[in-house]
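The lines below spell out each chain.
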Amino acid sequence: MMNSYQKINNIVGWLIFIVASGVYISTIEPVASFWDCAEFIASAYKLQVPHPAGAPMFLLIGRMFSMFAASDVESVGFAVNLVSALSSGFTILFLFWSINLLAHKIMGIKVGEADSAQTLRIILAGAIGSLAFTFSDSFWWSAVEAEVYAMSSFLIALVFWAMLKWDVIEEEAQANRWLILIAYIIGLSIGVHLLNIVALPALGLIYYFKKYPKVTFKGVVYALLISSGILILIWQFIILGLPGLIGKFEIFFVNTIGLPFGSGALIFGIILLGAFGYGIYWSAKTSRINLNTFLLGLSFIIIGYSSYFVVLIRSQYNPPIDQNNPENVMNLLSYLNRDQYGSRPLLSGQYFDAEVISQEKGAPIYTKGEDEYEITDYKIETKYDPKRTTILPRMYSAAPGHAEEYRRWTGLRQNEKPNFTDNLVFMFRYQLGHMYFRYLMWNYAGRESDIEGAGWKTMFADNSDLPEQIKENKARNNFWMLPFILGIVGLLYHAKKDEKGFSVVGLFFILTGVALILYLNSPATEPRERDYIYVGSYYAFAFWIGFGVLGLATAFEKALKNPKVASIAAGVLCLIVPGIMAAEGYDDHDRSDRYFSVDAARNYLASCAPNAILFTGGDNDTFPLWFIQEVEGFRTDVRVIVLSYFNTDWYVNQMRQNSYDSEPIPMSLSEEQVKQGGLNDYLPYMSNSGIKGAIPIDRYLDLIRKNNPSLQIPTSVGKYNMLPSKTLTMAIDTNQVKSLGLIPEDKKQFMVDRMTWNVKGNGLEKKDLMILDIMNENNWERPIYFNTTSLNGVKMDLRKYVIQEGLTYRLLPIEKPNVNAEFVNTDVMYNNLMNDFSFTNTADPEVYYNQNYRNFFLNHRSVYASLATSLVQEGQDEKAVEVVDYIMKTISPEAVPMDITGLDFAQVYFATGNDEKGLALVEGMWKDNYELFNYLIDHELPYMSRERQISIAVLSQIVQILRQYDLNEKALEYQDEIRVLYEKM
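Residues numbered from 1 in each chain as written. Predicted model: local features only at pLDDT ≥ 70, side-chain atom pairs only at ≥ 80, totals over all residues. Heavy atoms only, no water.

Draft legend 1. Inspection of the overall build of the chain at higher detail. Of the regular secondary structure elements, the chain holds 40 helices and 18 strands. Dimensions along the principal axes, computed over C-alpha positions, put the chain at roughly 90 × 80 × 65 Å. Per-residue burial over the chain gives 56% buried out of 985 residues. Taking as baseline every contact in the chain between residues at least 6 positions apart, the subset at least 24 positions apart corresponds to 74%. Carbon and sulfur atoms form 57% of the exposed surface of the chain, whose accessible area is close to 40,800 Å². (Helix = DSSP H or I, 4+ residues; strand = E, 2+ residues; numbered from the N terminus. Buried < 20%, exposed > 50% of the residue type's maximum accessible area, 1.4 Å probe, protein only. Contact = heavy atoms within 4.5 Å. Areas by Shrake-Rupley, 256 points an atom, 1.4 Å probe, with all protein chains shown as cover.)

In structure tokens, the structure reads:
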């Protein structure tokens, strides 16, 4: 029977692997997706250094897969995405085998001793549970893009399966080998993601239940404490502790004893190897088996963790992507600690309205100097009013907009102070409800839409009055709660039949879900949905879906009196669950024909003149640009500068290097003047400086370069240079500008010999100072561009001196006649948009674009609207209509629903006498927005408040546009309909 079961188990497992992998490969995105995927692919392709904590193991495997693309650089994205698809397929394989191993315990039989009916039941349970997870929303999403979560899921599934295999091995020596294998996998997983170590207490229970058949409450507590201690040991001693200890050795041996750089790390390594080597030898010699296994396990965790040497080695070569520059021990320590992201209070901390009473210097920050490590800065420790602190702080963030969100979720009035009850309300409503349970139900009940904040889909919702754009949203999936219900059946059945196994899976479910939520302590808003973080919890729930099959089969057996027939009946019935999940989820998880993220990157770079400097703002408008330059070699003459990174010394100094076809950025401030903890991290405005009027930036920068003491002011955490005036000015060498031919012929009348602008806020950040330095040193020789995000992020009002040439704004010494209107170089922009922009499959309604992509389409449509509007103003009506027709055809409303930019297109049509096209456009927009607004009046959906505001704004503007072009009859008809809506409100 053993051989028969193993054969069936293996064959079915591999068949499910093929099915899952086939689904993922068929729906994989062929290029880099938005968010971190583009950065990971670019970093894997050339083994560069992405954002902390780096995921070096993922990059190494990604690099290996990228080699399959050979010289076809356009296939590199697909090749690295394939890592996630196959990792996800293996996750499903090991989930299937794990469900089957636990099913034996539920049924009270040893592995291999099941009869044919029991084998059938076990196999069906494993198949349905694993297939349900295959088609779960969050896991499928991660399976088709180059992110770390798919590989992390594979490693956690592998570890869990390996622990269950260890559990059924009776010979101790052989079993201990599995424990060492598990330790090695955990070590490797550190180089991918840290989710694996979160599950250690659940693995500790498996160990306890095997070693101590007589279970006691005291024993369970001890098992949890010891396994939690191992988790803390790995986190504090290995992941963070080893680099910290190496840092202390390095400081001592370099700074105190005077040895060369790296000596401390080398000596520590020798001591560590010696200690572990002797410990392993001594424990083996004295037959201390448990100690020997423990030391070997720790050793293999460290061996797996050694993938981080890749970060250190590659950073020393100064690749173009070299985040945080972790090329020495001290920088690597900061990189591993993720210092740039700050920290969140966990067990005690402040409320969001707590006043800061002091800021003091904390631990020193060391930087590699000429001969030793120098203290260049200190961590800042902020002290808050002790009366406004609490245990388990949940409402702690004072970031802009967070207070309003805290109040919205808890019902606090405007000036009402939060208390501990409000703290708990926020935790349960937002953190546990909105940021976890909602995601769990997305995966196993359904989802309302892909609009950020969307709820989960219930089987009881009335959909009769749904507007078309919500009803047709491909991410609107309704599983009729069947996976969730089957999972609850399995949970109850598991709890009844196998308390030990239930406690293991239940603890796994809680640790990777609720416990993780409490640890991460999410603030009031996030830049995107975070469901992918808790995929380990959805994985655990899939066990219960499988066990639900066992529960139904047992119930059917009582009625049918035939075990095989009961198993088949339960299996056939329960196949509906993965079936409906696959059918509902396929269209919104199929990315096989989606190329727009890379097209958008190409279009940003195509908007820039040769040898340009382009400032960007964040992940999605930067990482795809890195991908297209690093992987496909497109427009490597353009130097992309991430504005938020420009506040760091390591990034500023990287801009002093060549990068492919881009020369170093012109800057006059030295490395000493931009170092962290120096005088120029922040330059506060001092109203009592005595300076009246504007200050020339060349003089100001000269004072900074000379470290003039008149600029320096003391603060509680050190000295800073101050800003003596909020008005800055820069003289223009007009002869130089004219000789370079920078000003368009029709814009020469707007040229100025001096640019003057105001500073926004209460001072300048380092990034703003560096922009001033570049502007001053560049002397208009290299084109300087901003995208929308970076232009809004600069603390200087430069908008009146930029001209639009595509998706980017070029800085020029011409002053816009109307600062609130777009200023367009129509000749250059027409050529860029009509000849150099790329659009692949963007007219195909079968291709799915989620909200994030649709927002980028809005950016693209808006630049075509700006160009067309400017062409109308210049009297080039034929060209204007050509531009609108082109973008309407290229990004069709059928593929991407028309957004508010459609109103600008309609105005172009009306202004050029194309009333029929204009009316067709506004009638379609009226229908969509009227339906949506009417629905949102009757249904309170806070997450769609923005859509509600946009809809009524569109409706009102349509009436105004119709009146503007004397289409009064239609305008009156629509005005009456708006009045009806207002009466309903």
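Having seen the structure, we can now continue with the description.
Draft legend 2. Focus on the pairing of strand 14 (residues 754–758). Because side chains alternate across strand 14, one face comprises the buried residues Met755 and Trp757, and the other comprises Arg754, Thr756 and Asn758, none of which is buried. Pairing of strand 13 (residues 727–731) with strand 14, which is carried by five bridges, proceeds in the antiparallel orientation. Bridged to Thr729 within strand 14 is Thr756. (Pairing = 2+ DSSP bridges.)

Draft legend 3. Focus on the sheet that holds strand 16 (residues 784–786). Pairing is mixed in the open sheet, where five strands are placed in the order 8-7-16-18-17. Two strands in the sheet have a free side with no partner beyond their single neighbour: strand 8 (639–642) and strand 17 (802–804). The sheet shows a mean angle of 30° between the axes of neighbouring strands, taken without regard to direction. Relative to strand 8, strand 7 (residues 613–616) runs parallel, the two being bridged by four bridges. Along strand 8, the bridge assignment pairs Ile613 with Arg639. In the packing of helix 27 (residues 623–630) onto the sheet, contacts are made with strand 7 and strand 8, and the angle to strand 8 comes to roughly 155°. (Axes fitted to C-alpha atoms, helices over the stretch in contact; angles between N-to-C directions.)

Draft legend 4. Just the packing of helix 5 (residues 116–134) against helix 24 (residues 563–574), in detail. At a minimum axis distance of 9 Å, the contact between helix 5 and helix 24 shows a crossing angle of 10°. As the angle between them shows, helix 5 and helix 24 are arranged roughly parallel. Residues Ser116, Ala117, Leu120, Arg121, Leu124 and Ile128 of helix 5 lie in contact with helix 24, whose contacting residues are Pro563, Lys564, Ala566, Ser567, Ile568, Gly571 and Cys574. Classifying every residue of the contact of helix 5 with helix 24 gives eight nonpolar, three polar and two charged. (Parallel < 35°, antiparallel > 145°, perpendicular 65-115°, else oblique. Nonpolar A, V, L, I, M, F, W, Y, C, P; charged D, E, K, R; others polar.)

Draft legend 5. How the structure looks around the pairing of strand 7. What you see with strand 7 is no split at all: Ile613 and Phe615 on one side and Leu614 and Thr616 on the other are buried throughout. In this view, the connection linking strand 7 to its parallel neighbour strand 8 by way of helix 27 has right-handed handedness. Two elements, strand 7 and strand 16, share three bridges in a ladder whose sense is parallel. Bridge pairing links Ile613 to Ile784 in strand 16. (Right-handed = clockwise from strand over helix to strand, strands pointing away.)

Draft legend 6. Highlighting helix 39 (residues 945–964). In this model, helix 39 (20 residues) spans 29 Å end to end at C-alpha, consistent with the 28 Å of a helix rising 1.5 Å per residue. Elements in contact with the buried residues of helix 39: helix 35 (851–873), helix 37 (902–911), helix 38 (915–938) and helix 40 (968–984). Phi turns positive one or two residues past the end of helix 39, at Asp966, with a value near 60°. (Expected span 1.5 Å × (residues − 1).)

Draft legend 7. Looking closely at the pattern of salt bridges. Applying the stated criterion across every chain yields a total of 36 salt bridges. When the shortest N-O distance is used, the salt bridge between Glu145 and Arg591 registers 2.8 Å. Taken together, the residues span a long stretch of sequence, with Glu145 in the loop between helix 6 (137–143) and helix 7 (148–168) and Arg591 in the loop between helix 25 (576–589) and helix 26 (596–606) at a distance of 446 residues. Here the two residues Glu145 and Arg591 agree in accessibility, since each one is buried. (Salt bridge = Lys/Arg side-chain N within 4 Å of Asp/Glu carboxyl O.)

Draft legend 8. Here's a closer look at the nonpolar core. Core analysis: the biggest nonpolar cluster contains 306 residues, and Phe133, Phe160, Tyr444, Phe615, Phe646, Met755 and Trp757 have the highest contact counts within it. Broken down by element, the residue count for this core peaks at 16 residues, all from helix 4 (residues 76–107). Counting seven residues, the second-largest nonpolar core is a separate cluster that includes Ile451, Leu466, Ile470 and Leu936. (Core = buried A, V, L, I, M, F, W, Y, C linked by side-chain atoms within 4.5 Å.)

Draft legend 9. How the structure looks around unusual backbone geometry. Cis geometry marks the peptide bond from Pro52 to Ala53; its omega dihedral reads 5°. Structurally, the position occupied by Ala53 is in the loop between helix 2 (37–46) and helix 3 (56–66). The backbone of Asn325 shows a phi angle near 50°, a positive value even though the residue is not glycine. Even without being a glycine, Asn521 presents a positive backbone phi close to 50°. Following the sequence through the fold, Asn521 ends up in the loop between helix 22 (514–520) and helix 23 (535–560). What makes Asn521 buried here is its relative accessible area of 0%.

Draft legend 10. Region of interest: the side chain of Ser189. By the secondary structure assignment, Ser189 is in helix 8 (residues 172–190). For Ser189, the contacting residues outside a window of four places in its chain are Leu155 and Asn196.

Draft legend 11. Representation of the sheet that holds strand 10 (residues 695–696) in the model. Spatially, the three strands line up as an open sheet ordered 10-13-14, and their pairing is mixed. Either end of the sheet is taken by a strand with one partner, and the two such strands are strand 10 and strand 14. Relative to strand 13, strand 10 is paired through two bridges, and the arrangement is parallel. The partner of Pro696 across the bridge, within strand 13, is Thr729.

Draft legend 12. Structural detail: the packing of aromatic side chains. Taken as a whole and assessed by the stated rule, the structure comprises 68 aromatic pairs. Ring geometry for Tyr864 versus Tyr886: centroids 6.0 Å apart, planes at 35°, classification tilted. Of this pair, Tyr864 sits in helix 35 while Tyr886 sits in helix 36 (residues 877–890), and the two are 22 residues apart along the sequence. A residue is classified by how much of its surface remains accessible, and Tyr886, at 26% relative accessible area, is partly exposed. An aromatic cluster of at least three residues, connected via ring pairs, comprises Tyr436, Phe437, Tyr444, Trp456, Phe484, Phe502, Phe509, Tyr534, Phe541 and Trp544. (Phe/Tyr/Trp six-rings, centres within 6.5 Å; stacked < 30°, edge-to-face > 60°.)

Draft legend 13. Quick peek at a nonpolar patch on the surface. A contiguous nonpolar patch, built from Phe217, Val221, Tyr222, Leu225, Ile226, Ile230, Tyr278, Tyr281, Trp282, Leu291 and Phe294 and spanning about 1,200 Å² of accessible area, is present on the exposed surface. Residue assignment for the nonpolar patch shows that the elements contributing at least two residues are helix 11 (217–239), helix 13 (263–285) and helix 14 (289–305). Looking at which element gives the most residues to the nonpolar patch, the answer is helix 11, with six residues. Position of Tyr222 among the secondary structure elements: in helix 11. The exposure class of Tyr222 is partly exposed, given its relative accessible area of 47%. (Patch = residues over 30% accessible without salt bridge, like charges linked within 9 Å, V, L, I, M, F, W, Y side chains within 5 Å.)

Draft legend 14. Representation of the packing of helix 10 (residues 200–211) against helix 21 (residues 499–511) in the model. Contact geometry of helix 10 with helix 21 gives a least axis separation of 8 Å together with a crossing angle of 165°. Comparing their axes, helix 21 and helix 10 come out roughly antiparallel. Taken as a pair, helix 10 and helix 21 cross one another with a handedness that is right-handed. Residue-level inspection shows Pro201, Ala202, Leu205, Ile206 and Phe209 of helix 10 in contact with helix 21, the latter providing Lys500, Ser503, Val504, Leu507, Phe508 and Leu511. Grouping the amino acids of the contact of helix 10 with helix 21 by side-chain chemistry returns nine nonpolar, one polar and one charged. (Left-handed = near helix turned anticlockwise from the far one by under 90°.)

Draft legend 15. Up close: helix 4. Over its 32 residues, helix 4 runs 47 Å from end to end, which matches the ideal 46 Å to within 8%, given 1.5 Å per residue. The buried fraction of helix 4 is high, at 27 of 32 residues. In the segment just after helix 4, Gly108 is the residue with positive phi, at about 70°.

Draft legend 16. Inspection of the environment of Tyr935 at higher detail. Within the secondary structure, Tyr935 sits in helix 38. Look at Tyr935 and you get buried, because its relative accessible area is 10%.

Draft legend 17. Geometry of a negative patch on the surface. On the surface, a cluster of negative charge is made up of Glu370, Asp371, Glu372 and Glu374. Among the secondary structure elements, Glu374 is positioned in strand 3 (residues 373–384). By relative accessible area, which is 38% here, Glu374 ends up partly exposed. (Lys, Arg positive; Asp, Glu negative; His and termini not counted. Charge placed at Lys NZ, Arg CZ, Asp CG, Glu CD.)

Draft legend 18. Quick look at the environment of Tyr317. Looking at the element boundaries, Tyr317 is found in the loop between helix 15 (309–315) and helix 16 (329–337). With 326 residues separating them in the primary sequence, Tyr317 and Leu643 have C-alpha atoms 24 Å apart.

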